[in-house]
There are 2 protein chains.
Amino acid sequence: MAKKWVYLFNEVDQAEKHVDDDWEGVRGLLGGKGANLAEMVRIGVPVPPGFTVTTEACNAYLESESVFSDEIWDQELEALRVVEKETGKKFGSADNPLLVSCRSGAKFSMPGMMDTVLNIGLNDETARAMIKLTGDERFVYDAYRRLIQMFGSVVMGLSDDLFEHVITGYRKKANVENDSQLTANDWKEITQEFKTIFRRNASHEFPADPYEQLILATEAVFKSWNGKRAVDYRNASGIPHDLGTAVSIVTMVFGNMGEKCATGVAMTRNGSTGEKIIEGDYLTNAQGEDVVAGIRLTKDISQLKEEMPKAYGEFEEIASRLEKHYRDMQDVEFTIENGKLWMLQTRDGKRTAQASVRIAVNMMEEGLISKKEAVLRVAPEQVDFFLHPQFSIEAVDVAKELGQHFASGLNVSPGAALGVVAFDADLAETWAKKEGKKVIMVRPETKPDDVHGMLAAEGIITSRGGRTSHAALVARQFGKPAVVGVSALKIDLGKREMQVGDIIINEGEWVSIDGTEGEIFVGKLETTIPDIKDPWLDKLLKWADEYRRLGVWANADYPVDARRARDYGAEGIGLCRSEHMFFESERLPHVRKMIMTDLPIERKEALDAVLPFQRDDFAGLFRAMDGLPVIIRLLDPPLHEFLPNNIDLMRELSDLKIRLQHAGNLSEIDALLEEVKEKEQILKRVEGLREENPMLGLRGVRLGIHVPELTTMQVRAIFEAACLVTQEGIKVYPEVMIPLTSHVNELAIQRKVLEAEAMNVMKEKDLTIDYKFGTMIEIPRAALTADKIAQYAQFFSFGTNDLTQTTFGISRDDAEASFMIEYMENGILPDNPFATIDKDGVGELMRIAVAKGRSVNPELECGICGEHGGEPQSIQLCHDLGLTYVSCSPFRVPIARLSAAHAAIK
Amino acid sequence: MAKKWVYLFNEVDQAEKHVDDDWEGVRGLLGGKGANLAEMVRIGVPVPPGFTVTTEACNAYLESESVFSDEIWDQELEALRVVEKETGKKFGSADNPLLVSCRSGAKFSMPGMMDTVLNIGLNDETARAMIKLTGDERFVYDAYRRLIQMFGSVVMGLSDDLFEHVITGYRKKANVENDSQLTANDWKEITQEFKTIFRRNASHEFPADPYEQLILATEAVFKSWNGKRAVDYRNASGIPHDLGTAVSIVTMVFGNMGEKCATGVAMTRNGSTGEKIIEGDYLTNAQGEDVVAGIRLTKDISQLKEEMPKAYGEFEEIASRLEKHYRDMQDVEFTIENGKLWMLQTRDGKRTAQASVRIAVNMMEEGLISKKEAVLRVAPEQVDFFLHPQFSIEAVDVAKELGQHFASGLNVSPGAALGVVAFDADLAETWAKKEGKKVIMVRPETKPDDVHGMLAAEGIITSRGGRTSHAALVARQFGKPAVVGVSALKIDLGKREMQVGDIIINEGEWVSIDGTEGEIFVGKLETTIPDIKDPWLDKLLKWADEYRRLGVWANADYPVDARRARDYGAEGIGLCRSEHMFFESERLPHVRKMIMTDLPIERKEALDAVLPFQRDDFAGLFRAMDGLPVIIRLLDPPLHEFLPNNIDLMRELSDLKIRLQHAGNLSEIDALLEEVKEKEQILKRVEGLREENPMLGLRGVRLGIHVPELTTMQVRAIFEAACLVTQEGIKVYPEVMIPLTSHVNELAIQRKVLEAEAMNVMKEKDLTIDYKFGTMIEIPRAALTADKIAQYAQFFSFGTNDLTQTTFGISRDDAEASFMIEYMENGILPDNPFATIDKDGVGELMRIAVAKGRSVNPELECGICGEHGGEPQSIQLCHDLGLTYVSCSPFRVPIARLSAAHAAIK
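Report on the accompanying structure. Since this is a predicted model, take the numbers as computed values, not measurements.

Here we take up the overall build of chain A. When its secondary structure is counted, chain A shows 37 helices and 33 strands. Here the C-alpha coordinates of chain A stretch approximately 110 × 70 × 55 Å along the principal axes. Scored against the burial criterion, the 906 residues of chain A give a buried share of 58%. If you take every contact in chain A between residues at least 6 apart in sequence, the share linking residues at least 24 apart comes to 69%. Of the roughly 36,300 Å² that chain A leaves accessible, carbon and sulfur atoms contribute 49%. Separation between the mean location of the 105 positive side-chain charges and that of the 142 negative ones in chain A comes to 2 Å.

Below you can see the structure in the form of structure tokens.
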């Protein structure tokens with residue numbers, strides 16, 4: 001028996017059998033479009049008769065180097081005979097001609113990447129028959145010229161411009177604006193001219209034989225699979241090249257044969273809000289492409305109910321049937337030909353994040369899908385939408401048209417923000433706090449002492465830095481939209497302006513930034529603000545919580561963050577960076593004094609001055625997290641971060657010395673000399689602390705060992721705070737975390753210091769605090785020796801930012817600014833390892849650490865507090881590795897909840 | 001049966017039985033001293049009769065909280081009876097009294113850490129008997145007062161000053177310089193005074209009862225095991241605290257009873273040269289301690305042959321017997337009492353490295369030890385001695401006495417050097433090359449463009465940097481003695497002077513540095529130069545080669561280094577750092593141009609200019625290594641290393657601007673402005689290349705991918721050179737190595753570029769070169785994914801310097817300058833991981849990499865080219881991991897050969 005290359009739309013059962021009853025297989029065989037047309041036929045939806053030539057036929061054709069086998073053609077003709085019988089029309093007939101379209105359709109949607117030819121079957125003879133049948137000469141010649149034009153470009157590869165040029169000429173001659181204003185005679189003449197153009201450029205006549213049209217069109221669709229556009233698209237989308245495309249031959253139906261005809265597109269639910277109302281547009285007496293092209297003003301689908309109540313009733317019923325059948329919201333095309341409804345296409349409808357959530361929840365409640373399916377229907381990243389203001393799509397389109405687009409950068413912290421540009425943190429703070437201005441802070445890069453400005457600003461722009469630069473981290477932490485690494489941006493801090501190309505923006509002028517997309521606009525764009533309190537989202541996340549096994553904690557340094565995290569569903573604080581508090585203006589002088597002095601007594605004084613602040617910070621955090629664990633990491637960054645930059649100091653010194661040369665009198669000289677002396681002292685200390693590679697230097701636990709008083713002070717602050725809130729009736733579970741451990745002895749030493757001081761405080765207050773002692777695992781050696789380390793740690797927390805840096809030997813800031821982008825562009829790295837955990841390297845170390853750690857202590861609490869803790873793929877890995885929890889920025893807690901559920905369900 | 005707590009010297013067989021015939025067990029039971037005395041008795045060497053109270057007795061005593069059990073004391077008395085019988089003397093007898101010494105002796109030698117009491121048995125009565133017997137009142141009272149003094153300080157814990165003060169008074173009164181000039185009467189009076197002091201301070205009489213003396217002395221030795229000095233010593237030396245000490249009771253023999261008496265110390269071979277000649281000193285009519293104290297001029301042992309031929313003959317025979325028995329050179333003490341030779345101690349003799357080698361070789365040839373044993377007898381580090389000039393021990397002692405010691409630092413590159421101080425590389429080179437001066441180059445730290453000065457200098461001093469700082473690496477590489485990280489050193493480049501404490505050394509003044517010990521001296525010290533061509537060493541290393549399984553390759557960048565490495569026995573070049581050549585003065589301008597330009601054409605021009613130099617470099621290397629493999633690593637360091645430092649540039653700019661303000665005329669202003677512009681351009685590029693953590697930045701393979709022309713140029717140079725020397729008849733085996741791989745895709749991409757260019761060159765030259773392509777494994781991720789990487793690499797070379805940095809998250813330069821020292825001092829790190837491979841962390845990654853790599857390619861060549869490749873413990877690890885070879889600096893090749901043999905034999 002010959003192989004079956006062609007399936008009629010009503011032969012879907014046979015197709016299913018051929019691929020062992022696998023729906024994906026049917027889509028693979030018939031293409032998405034062909035499969036859905038056949039499926040609609042099966043469930044009784046009216047579809048114009050037709051058939052599909054399989055992807056297998058396409059592959060056979062391509063493999064045989066473009067030999068169209070007789071077997072395939074014979075089957076195609078046979079199917080055509082059946083269609084003729086069904087429609088009562090005849091292909092090529094001079095009485096009642098059958099016209100068909102030839103449409104490509106691969107397994108995966110590749111919009112606009114492959115080709116379609118409409119109106120096949122028209123020639124001078126059949127055109128005359130059509131005119132006789134429809135009485136509409138204009139319509140027929142318009143269809144005829146379209147066939148020649150599409151056939152010319154799709155099948156013969158002629159430039160479309162050749163044809164459009166002619167139409168433009170006719171418009172000019174007739175002095176009209178639109179094609180719709182051209183007459184029947186115009187189109188007739190144009191049809192003749194198109195034939196001439198075809199002959200001249202394709203070196204032969206336009207084929208009048210409908211069968212020649214059909215075979216050439218089928219072949220052209222096959223060939224289009226290997227066209228450059230399609231290959232590029234597949235490369236970019238990761239679609240395999242060996243799938244092939246199917247070709248569907250569909251009887252033409254016309255919505256433009258009079259007032260009882262219409263054509264339209266619709267979604268079975270609202271694609272923006274998810275509301276259960278059919279949304280769509282249609283036109284009476286029109287062709288499908290007219291609806292999309294926006295040439296004529298379309299009508300809302302609700303009007304169809306009044307205009308053609310019967311057809312609409314049928315349509316409504318079909319929409320509901322399709323949703324039930326496909327168990328998802330559908331995006332459909334339809335045509336009404338003389339009152340008869342035809343469905344031309346159905347597919348899962350595109351929707352906004354908000355709609356996605358509501359549709360999933362509603363469909364579960366309607367009994368269409370299960371709870372698990374509802375949870376899986378929403379991609380975790382879609383939740384982000386609810387957390388940040390967004391620019392409306394319209395506003396962005398308008399801005400782009402008006403040339404307001406300024407620059408693009410890395411989309412490191414989502415959401416939209418607008419404000420006036422401020423080029424330093426102090427100004428940003430002053431404008432925001434004192435003058436109530438909305439501010440966008442712009443810096444080449446940010447440092448810890450810029451944080452007050454970043455907090456006051458609406459959003460942040462930097463010209464340097466990568467996805468995990470300081471600016472990016474802080475912005476995400478505080479939910480501030482940010483665009484960083486805008487390499488085209490030239491910032492002139494002297495002139496107080498920034499420039500891209502010819503556009504200059506001065507300090508104080510308005511900009512709008514889209515942190516979701518990484519775009520910057522000149523001026524003010526309109527924003528819309530979705531709501532995390534969305535009831536559908538709330539329900540969905542609660543369902544997600546039923547499935548997930550991973551805990552979801554948050555990284556938070558301040559009570560306000562902790563409260564937000566808890567609101568969003570966080571079950572603990574996985575990381576409080578205790579040093580962030582050191583940068584605040586009341587404390588920084590003490591911290592600097594502590595660093596500058598060589599005298600233990602002065603160091604003690606300085607630390608004593610910081611203690612009450614730290615205690616209050618921690619107490620606030622404990623109150624916010626009443627009843628939940630709070631992990632506090634002891635001081636981590638190198639000390640020089642708390643001092644001014646050495647290059648700034650050198651510049652200032654150089655300026656001072658120049659001024660000194662011009663000083664007019666002795667008292668001025670004395671004052672300047674004094675200032676020089678002071679700056680030189682600071683510079684000396686800064687240079688003493690200078691390290692070639694601070695990331696690998698004196699920081700983390702090394703600092704705690706080097707300056708044990710620092711550990712003691714922080715531990716005292718933690719336990720005094722814990723005792724204080726315990727007395728208020730708050731339940732407190734502090735976990736003290738040592739950063740950057742690489743050798744178990746570091747931990748052993750710090751644990752001793754820490755336990756002694758904790759004991760001191762608890763004795764003083766006559767209270768017992770239930771606490772844990774643990775460490776970050778952020779150095780490869782710690783992971784590799786986790787069995788030793790677990791003997792001194794009650795918990796591990798993977799610091800995957802640092803662990804990625806050391807495992808790759810890549811400094812995140814430097815790399816994302818330079819070669820990392822190149823690496824991702826060239827496919828050397830499949831993902832940015834600072835965004836998604838590198839499974840083979842970093843993930844392997846995590847696996848080793850968990851296994852070795854739990855071999856010693858099976859109850860070991862293992863979490864992650866790096867930036868990856870809020871990223872879906874990484875959360876999947878954490879689930880697979882059996883971690884206890886993930887901890888992420890408060891704003892990513894909902895995303896993490898959903899991701900963890902996905903991981904558990906998958 | 002009661003436990004045996006006391007063994008007579010002739011009961012060693014019983015002791016051996018008690019510990020299951022294990023000689024180490026005998027040493028553990030009887031202490032080193034006791035065991036050797038017993039052993040000498042067994043082989044018939046004359047030893048004064050005596051016995052040993054075991055370490056078990058000591059431990060029992062200490063455990064029972066200082067209760068001396070009757071059982072032990074009874075056994076001690078019983079043994080004493082046997083000694084009385086043997087000697088014919090009687091303990092406490094008024095006629096012929098037996099005197100004994102009570103000596104501590106633990107399993108491991110703890111020199112000076114525990115106590116000894118001599119002359120036990122003396123009291124007024126026995127003293128009189130002794131006077132009658134010897135006729136020497138002075139001798140007897142001198143011995144008596146010594147007993148009281150030693151007993152007072154050792155047993156009663158009195159201050160020795162109390163006693164010495166009395167003797168000083170007598171010397172003054174008698175107006176003499178030395179104790180030897182005091183009379184019998186003086187000593188008699190002193191003895192009386194000592195008794196008074198004893199009574200007054202110990203609150204009871206000096207015990208006249210010899211048995212009381214004996215039991216108290218025994219207890220005192222036991223207790224001394226837990227004395228502070230001994231505990232500290234054991235902590236420092238890693239000796240367990242539960243071993244306990246034994247106590248040997250030995251019959252006193254006297255070398256000072258007349259002219260037929262003598263006493264001396266000797267080595268059975270020359271401890272400095274290893275020559276087979278007995279070396280030693282003796283005194284006639286003297287006590288042992290007089291020989292050591294240097295109060296009297298000692299005689300060479302060769303004179304004893306003439307003075308007492310019989311005793312000497314006997315001594316010579318015993319020396320030979322002891323060597324045969326112990327199978328090692330012995331260090332002995334002897335006394336001749338009235339013509340009768342007594343051996344008082346024997347132990348393995350200390351020796352210089354040179355002697356160690358010669359003795360091992362000679363003893364093997366004499367049939368005393370096996371070849372394996374000979375190889376194991378020499379510690380690998382001892383070989384270093386042969387490679388570098390050394391200061392003579394005497395010269396150092398004298399310098400210290402004269403206050404010439406200037407400062408201490410890290411001993412990073414061994415050997416002695418002296419020269420005049422030069423504070424910059426250019427001056428160092430000028431003085432050395434133009435004026436023929438010997439120069440020591442002194443810098444705060446060094447950079448690649450200081451190398452020409454370092455090469456010209458005799459030695460290097462830096463105030464910053466650690467064991468693997470640039471200065472240290474280059475110094476070791478070129479065998480230049482160096483002391484780095486001299487933190488006390490203040491260098492004032494402006495004043496051209498350096499200072500430690502009050503001592504200031506100006507540029508041009510002489511200093512001497514000891515890179516072996518890490519010491520710096522003011523002025524010129526005398527050096528001695530051993531020789532690597534030492535025939536004994538040569539023989540020993542050849543024997544070592546018979547055993548080792550690891551190959552020994554060398555790191556060499558220049559032909560001269562390669563030749564030296566080959567001379568020293570290297571079997572290949574494991575690492576040629578191709579970038580070192582970039583720093584040479586003819587090439588640096590081209591390299592800088594390559595970096596500064598944005599134009600591909602200019603970059604190409606610059607690279608083309610470098611190509612011939614590189615080709616010649618490689619050709620030279622290939623010629624030197626004719627027939628052996630040469631691994632060339634492609635460019636590794638970040639580009640900014642080839643440009644001036646940004647801080648220097650800023651300083652220069654600041655100076656220029658000040659000068660500009662004072663410029664007198666227009667042409668001067670123009671010239672200055674031009675200079676400013678140029679510097680600003682360079683500064684801009686330098687700042688563009690600036691990275692926060694260059695160690696983790698754009699370097700290694702990342703550079704090769706970023707600037708593929710660089711890879712192409714280097715590969716072309718390698719293959720053109722290979723073709724060139726092949727035509728000369730040289731056998732060449734190049735291996736091209738990619739540095740800093742972290743992802744297999746990096747390797748895949750570079751391999752493609754490389755193979756294409758290699759093929760181009762081979763086609764052009766019509767030759768086929770047999771080459772390998774491989775990668776450094778110096779990033780944790782590379783080790784963790786070695787199975788993937790091995791699919792693209794024919795060899796792995798562990799870069800353990802970088803691998804240690806990333807595995808620990810520690811920057812070597814920064815760390816060794818700051819907390820690493822602290823870590824080692826506090827025992828947080830047992831060893832410096834930059835000196836000895838960290839087995840648990842870095843070693844584990846190496847294990848994973850070898851296992852995963854060989855799982856894909858069982859023939860995978862695995863080597864190591866980090867600094868650790870020349871360090872014995874690390875070589876042991878490399879052997880255990882099954883590496884193919886170790887590669888180290890040429891100067892360490894002999895050490896590595898011996899270490900590899902040790903590893904294989906163990």
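Take the packing of aromatic side chains next. Applying the stated rule across the entire model yields 40 aromatic pairs over all chains. Between A:Phe151 and A:Phe206 the ring centres are 5.6 Å apart and the planes differ by 85°, which places this aromatic pair in the edge-to-face class. Residue A:Phe151 is located in helix H6 (residues 137-155), and its partner A:Phe206 is located in the loop between helix H8 (184-202) and helix H9 (210-224); the two are separated by 55 residues in the primary sequence. For A:Phe151, a relative accessible area of 0% puts it in the buried group. With relative accessibility at 7%, the residue A:Phe206 sits in the buried group. Arranged with centres 4.8 Å apart and planes meeting at 50°, the rings of B:Phe315 and B:Phe334 form a pair that is tilted. Taken together, the residues B:Phe315 in helix H13 (residues 309-326) and B:Phe334 in strand E11 (residues 330-337) connect sequence positions 19 residues apart. Here the two residues B:Phe315 and B:Phe334 agree in accessibility, since each one is buried. Three or more aromatic residues joined by ring pairs form one cluster here, namely A:Tyr61, A:Phe68, A:Trp73 and A:Phe222. Taking NZ or CZ as reference, A:Lys3 lies 5.4 Å from the ring centre of A:Trp5, over its face. The residue whose ring lies beneath B:Lys4 is B:Tyr7, and the NZ or CZ to ring-centre distance is 5.0 Å.

All names here are of chain A. Taking strand neighbours across the sheet as the criterion, the five strands line up as E10-E9-E8-E11-E12 in an open arrangement whose pairing is antiparallel. The sheet terminates laterally at strand E10 (299-300) and strand E12 (340-348), the two strands that pair on one side only. In terms of strand pairing, strand E8 (residues 262-267) meets strand E9 (residues 279-284) through six bridges, oriented antiparallel. Along E9, the bridge assignment pairs Met 267 with Glu 279. Of the strands in this sheet, E8, strand E11 (330-337) and E12 are in contact with helix H13 (residues 309-326), which crosses E12 at around 25°.

Both copies of the chain are placed relative to one another by a rotation about an axis and a shift along it. Turning chain A through 180° and shifting it by 0.1 Å along the axis lays it on chain B, with an RMSD of 0.2 Å. These values place the two chain copies in the arrangement generated by a two-fold rotation axis. Interface residue correspondence from chain A to chain B reaches 100%, placing this contact among same-surface, isologous pairings.

Opposite the 56 residues of chain A that make contact, chain B presents 56 residues. Each partner contributes to the roughly 5,000 Å² buried at the junction of chain A and chain B, and carbon and sulfur atoms together form 56% of this total. At the boundary of chain A with chain B, the tally comes to seven salt bridges. Here B:Lys852 makes a salt bridge to A:Glu844, at a shortest N to O gap of 3.9 Å. Run the count over chain A and chain B and you get 23 residue pairs in polar contact (both at pLDDT 80 or more). Elements supplying a minimum of two residues to the side of chain A that touches chain B: helix H25 (646-661), helix H27 (701-706), helix H29 (744-765), helix H30 (780-784), helix H32 (800-808), helix H34 (819-825) and helix H35 (839-856) of chain A.

To continue, consider a negative patch on the surface. All names here are of chain A. Negative charge collects at one region of the surface, where Asp 70, Glu 71, Asp 74 and Glu 78 lie side by side. Summarising the element assignment, Asp 70 is placed in helix H4 (residues 70-87). Since its relative accessible area comes to 58%, Asp 70 is described here as exposed.

All names here are of chain A. Strand order in this closed barrel of eight strands is E26-E27-E28-E29-E30-E31-E32-E33, and the pairing throughout is parallel. Strand-to-strand twist of the sheet, defined as the mean angle between neighbouring strand axes without regard to direction, takes the value 25°. Of the strands in this sheet, strand E30 (772-777), strand E31 (795-798) and strand E32 (861-864) are in contact with H35, which crosses E31 at around 180°.

Before going further, it helps to examine H25(A). All names here are of chain A. The end-to-end C-alpha distance of H25, which contains 16 residues, comes to 23 Å, matching closely the 22 Å that a straight helix rising 1.5 Å per residue would cover. Listed in full, the buried residues belonging to H25 are Asn 646, Ile 647, Leu 649, Met 650, Leu 653, Ser 654, Leu 656 and Ile 658. Regarding H25, its N-cap is Asn 645, as a side-chain oxygen of that residue lies 3.1 Å from the backbone nitrogen of Asp 648 further along.

Tallied over the full model, the rule gives 116 salt bridges over all chains. Taking the shortest distance from any N to any O, the salt bridge between B:Arg269 and B:Glu323 comes out at 2.8 Å. One end of the pair, B:Arg269, is in the loop between strand E8 (262-267) and strand E9 (279-284); the other, B:Glu323, is in helix H13, with 54 residues separating them in the sequence. Exposure remark for B:Arg269: the relative accessible area of 0% places this residue in the buried category. Under the relative-accessibility criterion, B:Glu323 is labelled buried at 5%. Salt bridges sharing common partners tie together A:Glu579, A:Arg633, A:Asp636, A:Arg699 and A:Asp802.

Before going further, it helps to spend a moment on the packing of helix H24 (residues 600-624) of chain B against helix H28 (residues 708-727) of chain B. If you want to describe how two helices pack, look at the angle between their axes and the distance between the axes. Residues and elements named next belong to chain B. The geometry of H24 relative to H28 is characterised by a closest axis approach of 8 Å and an angle of 40° between their N-to-C directions. Considering the relative orientation of H24 and H28, their crossing is right-handed. For the pair H24 and H28, the contacting residues are Arg 603, Leu 607, Val 610, Leu 611, Gln 614, Arg 615, Phe 618, Ala 619, Phe 622 and Arg 623 in the first and Glu 709, Leu 710, Met 713, Gln 714, Arg 716, Ala 717, Ile 718, Glu 720, Ala 721, Ala 722, Leu 724 and Val 725 in the second. Taken together, the residues of the contact of H24 with H28 sort by class into 14 nonpolar, two polar and six charged.

Moving on, we come to the side chain of A:Lys480. Residues and elements named next belong to chain A. Summarising the element assignment, Lys 480 is placed in the loop between helix H20 (470-478) and strand E19 (482-484). There is no salt bridge for the buried Lys 480, and the closest opposite charge comes from Glu 458, which lies 5.9 Å off by N-O distance. Each residue touching Lys 480, except ones within four places of it in the same chain, is listed here: Ser 413, Met 454, Leu 455, Ala 457, Glu 458, Ile 460 and Ala 475.

Reading the values: the criteria
Residues numbered from 1 in each chain as written. Chains lettered and ligands numbered in written order. Predicted model: local features only at pLDDT ≥ 70, side-chain atom pairs only at ≥ 80, totals over all residues. Heavy atoms only, no water. Helix = DSSP H or I, 4+ residues; strand = E, 2+ residues; numbered from the N terminus. Buried < 20%, exposed > 50% of the residue type's maximum accessible area, 1.4 Å probe, protein only. Contact = heavy atoms within 4.5 Å. Areas by Shrake-Rupley, 256 points an atom, 1.4 Å probe, with all protein chains shown as cover. Lys, Arg positive; Asp, Glu negative; His and termini not counted. Charge placed at Lys NZ, Arg CZ, Asp CG, Glu CD. Phe/Tyr/Trp six-rings, centres within 6.5 Å; stacked < 30°, edge-to-face > 60°. Lys NZ or Arg CZ within 6 Å of the ring centre and 35° of its normal. Pairing = 2+ DSSP bridges. Axes fitted to C-alpha atoms, helices over the stretch in contact; angles between N-to-C directions. Least-squares fit on C-alpha atoms with pLDDT ≥ 70 in both. Buried area = accessible area lost by both parts, 1.4 Å probe. Salt bridge = Lys/Arg side-chain N within 4 Å of Asp/Glu carboxyl O. Polar contact = N/O pair within 3.5 Å; in protein donor to acceptor, adjacent residues only side chain to side chain. Patch = residues over 30% accessible without salt bridge, like charges linked within 9 Å, V, L, I, M, F, W, Y side chains within 5 Å. Expected span 1.5 Å × (residues − 1). Left-handed = near helix turned anticlockwise from the far one by under 90°. Nonpolar A, V, L, I, M, F, W, Y, C, P; charged D, E, K, R; others polar.

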